[in-house]
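# A closer look at the structure
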Amino acid sequence: MTTTSTPTARKRCRKTRTKKVNPRPPIVLSTIPVNEVDLAPGREHMVCPECRTWCPITGVDRTPKLVPHHTDPAGTPNPRRCMAGTDRRVTIDITVEDWRRALVEARPTIASRRATKVLPKPRATAALATSQIPPTPLSADAVRRTFRQHQQQCRACAGEITGRDGLPLPCRDGERLAVTFLRLLRQEPRRRAVREFFAQERRRLDRQYAAAAPARATQWSAVLPKVTDADARRAQLPAGDAPTESPAVPLTTLRPGQPAS
């Protein structure tokens, strides 16, 4: 009885005996990122530009090229061979010392790091509560200007937007502004009368305060000598010795009808 096993990707050999050469142009190591190349003696590797997997470089002393390899790591079932990168020639135009120097310079070190500048976040001002926002009184003139500006910018108010039946569609915003303008226009005489009433009351109270000011000044002048005399007598000290504290007298409970001693 014969059993079939699923083929898996094999481990890549470092040295191959094949003389096949990929006809594609050779890979120049100086054009490959330094972190995708390993030129350590005896373990030359690089990332295949086609399948992006690490692959050994064989024939470093003679004709360097990539060994035959799969597109997946070793042990992956049903592997696929990298046809574009297998046996492709490699041009080693950098030395091991230059590669190591470039690798060290490419690695970030703690000494080369600089702390980022911490920018303070601007403190946002607290928004007013709804009850703290002063209401803006509406006027017919302000609503009329808003309505005219809306008509100039709205295509529905200009009749350019039509429905399926070909009739122009109404503009809800324009209708609301028009209704508000007409309502304020009707209420404007009453509003004007109320504003005029409050203005008259304010003028009347101002006249009363102005007329009562001389009378209050006269009353204050009349009582000013008495107030000054009272302040002067309050500042004088009484004649005689300073008062002394009396001895503590025990409190007694008096019965009804008993005279105080």
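Given the structure is predicted, the values throughout are model-derived calculations rather than measurements.

Moving on to the nonpolar core. Counting residues in hydrophobic clusters, the biggest one holds 16 residues, and the most contacted among them are Leu29, Val37, Met46 and Leu66. Mapped by element, the contributors of at least two residues to this core are strand S4 (54-58) and helix H1 (96-106).

Let's shift gears to the packing of helix H2 (residues 140-153) against helix H3 (residues 172-235). Viewed as axis vectors pointing N to C, H2 and H3 meet at an angle of 160°, and their least axial separation amounts to 9 Å. Put simply, H2 runs roughly antiparallel to H3. As H2 runs across H3, the sense of the crossing is left-handed. Listed contacts from H3 to Ala140, Val143, Arg144, Thr146, Phe147 and His150 of H2 are Asp173, Gly174, Leu177, Ala178, Thr180, Phe181, Leu184, Leu185 and Glu188. Taken together, the residues of the contact of H2 with H3 break down into eight nonpolar, four polar and three charged.

One open sheet holds the four strands; their spatial order is S2-S3-S4-S5, and the pairing between them is antiparallel. For this open sheet the edge positions go to strand S2 (37-38) and strand S5 (65-66), each flanked by a neighbour on one side alone. Sheet analysis places S2 next to strand S3 (residues 45-47), joined by two bridges and oriented antiparallel. Bridging across to S3, Val37 finds its partner in Met46.

Okay, a nonpolar patch on the surface next. Residues Trp220, Val223, Leu224 and Val227 make up a contiguous nonpolar surface patch of about 340 Å² in total accessible area. Here Trp220 lies in helix H3. Judged by its relative accessible area of 51%, Trp220 is exposed.

The next thing to look at is the packing of aromatic side chains. Think of a pair of aromatic rings as described by two things: how far the centres are apart, and how the planes are tilted against each other in angle. For the structure on display, the rule yields one aromatic pair. Ring plane angle 70° and centroid distance 5.7 Å describe the contact between Phe197 and Phe198, whose orientation is recorded as edge-to-face.

The next subject is a positive patch on the surface. On the surface, Arg183, Arg186, Arg190 and Arg191 cluster together into a positively charged patch. Within the fold, Arg190 resides in helix H3.

Tallied over the full model, the rule gives zero disulfides. Cysteine Cys48 is unpaired, with the sulfur of Cys51 as its nearest cysteine sulfur at 3.7 Å. Residue Cys48 is classed as buried on the basis of its relative accessible area, which comes to 0%. Looking at the unpaired Cys157, the closest cysteine sulfur is the one in Cys154, lying at 3.7 Å.

Procedures and definitions
Residues numbered from 1 in each chain as written. Predicted model: local features only at pLDDT ≥ 70, side-chain atom pairs only at ≥ 80, totals over all residues. Heavy atoms only, no water. Core = buried A, V, L, I, M, F, W, Y, C linked by side-chain atoms within 4.5 Å. Buried < 20%, exposed > 50% of the residue type's maximum accessible area, 1.4 Å probe, protein only. Helix = DSSP H or I, 4+ residues; strand = E, 2+ residues; numbered from the N terminus. Axes fitted to C-alpha atoms, helices over the stretch in contact; angles between N-to-C directions. Parallel < 35°, antiparallel > 145°, perpendicular 65-115°, else oblique. Left-handed = near helix turned anticlockwise from the far one by under 90°. Contact = heavy atoms within 4.5 Å. Nonpolar A, V, L, I, M, F, W, Y, C, P; charged D, E, K, R; others polar. Pairing = 2+ DSSP bridges. Patch = residues over 30% accessible without salt bridge, like charges linked within 9 Å, V, L, I, M, F, W, Y side chains within 5 Å. Areas by Shrake-Rupley, 256 points an atom, 1.4 Å probe, with all protein chains shown as cover. Salt bridge = Lys/Arg side-chain N within 4 Å of Asp/Glu carboxyl O. Phe/Tyr/Trp six-rings, centres within 6.5 Å; stacked < 30°, edge-to-face > 60°. Lys, Arg positive; Asp, Glu negative; His and termini not counted. Charge placed at Lys NZ, Arg CZ, Asp CG, Glu CD. Disulfide = S-S within 2.5 Å.

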